[in-house]
Amino acid sequence: MKNLHSRLLAGVAALGLALTGCADGTPATTAPTGASQAPETSAPAPTPEEVTLTVFAAASLTKTFTELGKTFEEAHPGVTVSFNFAGSSDLVAQIQQGAPADVFASADEKNMTKATDESLIAGDPVIFATNVLSIAVPPDNPAKIAALADLARDDVQLVICAPEVPCGAATVKVAKAAGLTLKPVSEEAKVTDVLAKVASGDADAGLVYATDVAGSEGKVLGIDFPESAGAVNKYPIGALANSANADLAKAFVELVTGDAGQQVLAAAGFGKP
């Protein structure tokens, strides 16, 4: 009898422990070996690192490089291309003073040479385009400009680029070759400023690049002149030696010099390298 009583008490105790385990959410039994288990949740795909690629480029490249910048960003998720468009002489001065940049595209070889002479460019720059001057006048051409010689008239309000800027150096060269003395009312630090003054009617004429006229969307009329062939500007590009994004800088240079970049430049009126 005593043994029976002990067995009954033990059974009740075991049942109580089982019920307690169920009540507090602890399973009474473990899943059999080989039973299916819930799949583990995979880790989210890593987000591309956010990187800014800084490109210093001649003002005459504003439209084409802006377009190529968007193309580059689409091909490189997480990368933002930031541009500094200005006169090439101003850009190289900023680079010489330590301004952070990854790529430099000049409108002439002279200003690029300033950078290479100080070993600021990684490797050799590559010529990727050419350009020539054109006379820009308001659409109604109030001063009746027809040739380069007309720009030397006293009654013409002429605007040109400053001599240290590539378009200004080209202006000096064609004027000297033609034996002309130009008397501009202002000399601008970048070609886009010359274009803006003509487009607004503040000037009767200005000497800009043929590509600037083509991209003006009818805001100015372009007058080509044969003397422009004597001052062809060659555009070099190179990655900066101290670029923090060397691989991306090299890839951008390759985009500009490759088929895609050349098609965009040709469509804008730039000549072949």
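Residues numbered from 1 in each chain as written. Predicted model: local features only at pLDDT ≥ 70, side-chain atom pairs only at ≥ 80, totals over all residues. Heavy atoms only, no water.

**Student:** Quick question: what am I supposed to make of the packing of helix H3 (residues 88-96) against helix H4 (residues 109-117) here?
**Tutor:** Each pair of packed helices can be described by the angle between their axes along with the distance between the axes. Taken N-terminus to C-terminus, the directions of H3 and H4 make an angle of 5°; their axes are 9 Å apart at the nearest point. Classed by the angle they form, the pair H3 and H4 counts as roughly parallel. Residue-level contacts link Ser88, Ser89, Val92 and Gln96 of H3 to Asn111, Lys114 and Ala115 of H4. Broken down by class, the residue content of the contact of H3 with H4 amounts to two nonpolar, four polar and one charged. (Axes fitted to C-alpha atoms, helices over the stretch in contact; angles between N-to-C directions. Helix = DSSP H or I, 4+ residues; strand = E, 2+ residues; numbered from the N terminus. Parallel < 35°, antiparallel > 145°, perpendicular 65-115°, else oblique. Contact = heavy atoms within 4.5 Å. Nonpolar A, V, L, I, M, F, W, Y, C, P; charged D, E, K, R; others polar.)

**Student:** Would you explain the environment of asparagine 111 in this entry?
**Tutor:** Take asparagine 111: it is sitting in helix H4. Relative accessible area serves as the criterion here: at 1%, asparagine 111 is assigned to the buried category. Not counting chain neighbours up to four residues away, the residues in contact with asparagine 111 comprise Ser88, Ser89, Val92, Phe104, Ser106, Glu164 and Pro166. Among the polar contacts made by the side chain of asparagine 111, one reaches the side chain of lysine 114 at a distance of 3.2 Å. (Buried < 20%, exposed > 50% of the residue type's maximum accessible area, 1.4 Å probe, protein only. Polar contact = N/O pair within 3.5 Å; in protein donor to acceptor, adjacent residues only side chain to side chain.)

**Student:** Would you mind going over the packing of aromatic side chains with me for this structure?
**Tutor:** A ring pair, where both rings are aromatic, is described by two values, the distance of the centres and the angle of the planes. Per the stated rule, a full pass over the model turns up nine aromatic pairs. Pairing phenylalanine 83 with phenylalanine 85 gives two aromatic rings, centres 5.0 Å apart and planes at 15°, and the pair type is stacked. With relative accessibility at 23%, the residue phenylalanine 83 sits in the partly exposed group. Aromatic pair phenylalanine 128 and tyrosine 235: ring centres 6.0 Å apart, planes at 80°, arrangement edge-to-face. Remark: tyrosine 235 occurs in strand E10 (residues 233-239) and phenylalanine 128 occurs in strand E4 (residues 126-131); sequence separation between them is 107 residues. An identical accessibility class is assigned to phenylalanine 128 and tyrosine 235; each is buried. An aromatic cluster of at least three residues, connected via ring pairs, comprises Phe65, Phe72, Phe83, Phe85, Phe128, Tyr209, Tyr235, Phe252 and Phe270. (Phe/Tyr/Trp six-rings, centres within 6.5 Å; stacked < 30°, edge-to-face > 60°.)

**Student:** Please clarify how the sheet that holds strand E9 (residues 221-223) should be interpreted in this entry.
**Tutor:** Neighbouring strands of a sheet are bound in pairs by backbone hydrogen bonds; such pairs are parallel or else antiparallel. Across the sheet, which stays open at both edges, the five strands sit in the order E7-E6-E8-E5-E9 with mixed pairing between neighbours. In this open sheet, the two edge strands, each paired with only one partner strand, are strand E7 (186-188) and E9. The average angle at which neighbouring strand axes cross in this sheet is 35°, direction not considered. Bridge count between strand E6 (residues 158-161) and E7: three bridges; the pairing is parallel. Directly across from isoleucine 160, in E7, lies its bridge partner glutamate 187. Each of strand E5 (133-137), E6 and strand E8 (205-209) is contacted by helix H5 (residues 166-178), which is oriented at about 95° to E5, the strand it contacts most. Sheet contacts for helix H6 (residues 191-199): E5, E6, E7 and E8; angle to E8, the most-contacted strand, approximately 145°. (Pairing = 2+ DSSP bridges.)

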